[in-house]
Amino acid sequence: GIQVEQSPPDLILQEGANSTLRCNFSDSVNNLQWFHQNPWGQLINLFYIPSGTKQNGRLSATTVATERYSLLYISSSQTTDSGVYFCAVERIQGAQKLVFGQGTRLTINP
Amino acid sequence: EAGVTQFPSHSVIEKGQTVTLRCDPISGHDNLYWYRRVMGKEIKFLLHFVKESKQDESGMPNNRFLAERTGGTYSTLKVQPAELEDSGVYFCASSQDRGGLLETQYFGPGTRLLVL
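On a predicted model such as this, the values are computed, not experimentally measured, just so you know.

Here is what the cut-offs are and how they apply
Residue indices begin from 1 for each chain and proceed along its sequence in written order. Note on labels: chains are lettered from A, ligands numbered from 1, in written order. Residue-level local features of this predicted model are given only where pLDDT is at least 70; pairs of side-chain atoms are given and counted only at 80 or more, and the full residue set underlies all totals for whole chains, interfaces and linings. Water and hydrogen atoms play no part in the side-chain values, which are based on all heavy atoms of the structure. The contact criterion used is simple: two residues touch if any of their non-hydrogen atoms lie within 4.5 Å. Accessible area that two parts lose when put together, with a 1.4 Å probe and added across both, is what the buried area reports. Salt bridges are defined by distance alone: a side-chain nitrogen of Lys or Arg within 4 Å of a carboxyl oxygen of Asp or Glu. Throughout this description, a polar contact denotes any pair of N or O atoms lying within 3.5 Å of each other; where both atoms belong to protein, one of them has to be capable of donating a hydrogen while the other can accept it, and for residues adjacent in sequence the pair is counted only when both atoms sit in side chains. Helix and strand assignments follow DSSP, with helices taken as H or I runs no shorter than four residues and strands as E runs no shorter than two, numbered in order from the N terminus. Each residue is assigned to one class: nonpolar for Ala, Val, Leu, Ile, Met, Phe, Trp, Tyr, Cys and Pro, charged for Asp, Glu, Lys and Arg, and polar for all the others, Gly among them. Only Phe, Tyr and Trp rings take part, Trp by its six-membered ring, and two of them pair if their centres are within 6.5 Å. Stacked means planes under 30 degrees apart, edge-to-face means over 60, and tilted covers everything else. Per-residue accessibility, obtained with a 1.4 Å probe over protein chains only, is compared with the maximum for each type, and a residue is labelled buried under 20%, exposed over 50%, and partly exposed between these values. For two strands to pair, DSSP has to find at least two bridges joining them. Note on method: axes are straight lines fitted to C-alpha atoms, helices fitted across the in-contact stretch only, with angles between N-to-C directions ranging 0 to 180 degrees.

I keep staring at the interface of chain A and chain B and nothing clicks. Help me out?
Size of an interface, as often reported, equals the accessible area lost when the parts are brought together. Listed as interface residues are 20 residues of chain A and, on the opposing side, 20 residues of chain B. Carbon and sulfur atoms make up 51% of the surface buried where chain A meets chain B, a total of about 1800 Å² over both sides. Of all residues in chain A, the largest losses of buried area upon contact with chain B belong to A:Leu43, A:Gln96 and A:Phe100, amounting jointly to 32% of the total for that side. One can count zero salt bridges joining chain A with chain B. On inspection of chain A and its partner chain B, the count reaches six residue pairs in polar contact (both at pLDDT 80 or more). For the side of chain A that touches chain B, the secondary-structure elements that each account for two or more residues are strand S4 (29-37), strand S5 (43-48) and strand S9 (83-91) of chain A. It is S4(A) that provides the largest number of residues to the side of chain A that touches chain B, a total of five residues. Of the residues contributing to the side of chain A that touches chain B, the split by class is eight nonpolar, 10 polar and two charged.

Just checking my understanding: could you explain the packing of aromatic side chains for this structure?
Each aromatic ring pair is characterised by the separation of its centres together with the angle its planes make. One pass over the full model with this rule turns up nine aromatic pairs over all chains. Pairing A:Phe86 with A:Phe100 gives two aromatic rings, centres 6.1 Å apart and planes at 80 degrees, and the pair type is edge-to-face. Placement of A:Phe86 in strand S9 and of A:Phe100 in strand S10 (residues 99-100) is noted, with a sequence separation of 14 residues between them. A:Phe100 carries the same exposure label as A:Phe86, and that label is buried. With a centroid separation of 6.3 Å and an interplanar angle of 70 degrees, the aromatic rings of B:Phe91 and B:Phe107 are classed as edge-to-face. Remark: B:Phe107 occurs in strand S10 (residues 106-107) and B:Phe91 occurs in strand S9 (residues 88-95); sequence separation between them is 16 residues. B:Phe91 gets classed as buried once you look at its relative accessible area, which sits at 0%. For B:Phe107, a relative accessible area of 9% corresponds to the buried category. Each member of the aromatic cluster is reached from another via a ring pair, and the members are A:Phe35, A:Phe86, A:Phe100, B:Tyr33, B:Tyr35, B:Phe45, B:Phe91 and B:Phe107.

What exactly am I supposed to notice about the environment of A:Asn24 here?
All names here are of chain A. Relative to the elements of secondary structure, Asn24 occurs in strand S3 (residues 19-25). The class of Asn24 is partly exposed, set by a relative accessible area of 29%. Residues Asn24 and Ser82, spaced 58 residues apart in sequence, show a C-alpha to C-alpha distance of 22 Å. Not counting residues up to four positions away in its chain, the partners in contact with Asn24 are Gln3, Val4, Glu5, Arg68 and Tyr69. A polar contact of 2.8 Å, which involves the side chain of Asn24, links it to the side chain of Arg22.

So what exactly am I meant to see when it comes to the sheet that holds strand S7 (residues 65-68) of chain B here?
Sheet strands associate in pairs through backbone hydrogen bonding, adopting either a parallel or an antiparallel arrangement. Residue and element names in this part refer to chain B. Spatial ordering of the open sheet is given by S1-S3-S8-S7, a layout of four strands whose pairing is antiparallel. Of all the strands in the sheet, the pair left with one neighbour each is strand S1 (5-7) and S7. Shown here is a sheet whose adjacent strand axes are inclined to one another by a mean of 15 degrees, direction ignored.

Looking at this structure, I do not really get the sheet that holds strand S8 (residues 69-74) of chain A. What am I missing?
All names here are of chain A. As summarised here, the arrangement of the five strands in space is S1-S3-S8-S7-S6, forming an open sheet in which the pairing is antiparallel. The sheet is open, and its two borders are formed by strand S1 (4-7) and strand S6 (52-56), each paired with just one other strand. Within this sheet the neighbouring strands show an average axis-to-axis angle of 15 degrees, counted without direction. The pairing of strand S7 (residues 59-64) with S8 spans six bridges and is classified as antiparallel. Following the sheet pairing, Ala61 is matched in S8 by Leu72.

Structure follows, in structure tokens:
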């Protein structure tokens, strides 16, 4: 099956710093989503981005489908950005199910 | 518009007991999915309903797990009998289907299951 690898596994930053999270996938996809799992365990949708670039406030994401990777950018980090960020993909011509990476744990210190 | 809701939010049971989890998808979403994250591992797909039909149940771990979606609305996931390794967070998600085009999957808050 398709493999999804996220890097780095852990990231610790000071408030105000910028960060880049990466998601590599091993096959062509027609769905890619980024999620933030907050301290209460809820999965919050950030982006639906099978290709191209999107921005939402301090967050933006870029997926280069031909090179099989996606990047999530967080600018001017705040302590509330802490948590685990997941990338999940749905393979082209595969079953309609998301395959998740193992996540990047982001810690923003005040 | 209400999001995906799940009940209960937490459940603590003893090994050998039965637990039933419920998911109410976003109104009008024909697709309903169950996923789970067991301790220390990644989130994994369990199964997918299209309306009341099981489209894909390849992720169901064994026959102790039974999912239903009567009438194509809410879904239940029953674990009987529960084992220690079933502990984790069970997520439900739903999405629309527009002429075969894929849509964003929206996740519920999850049910935290602890089997003692």
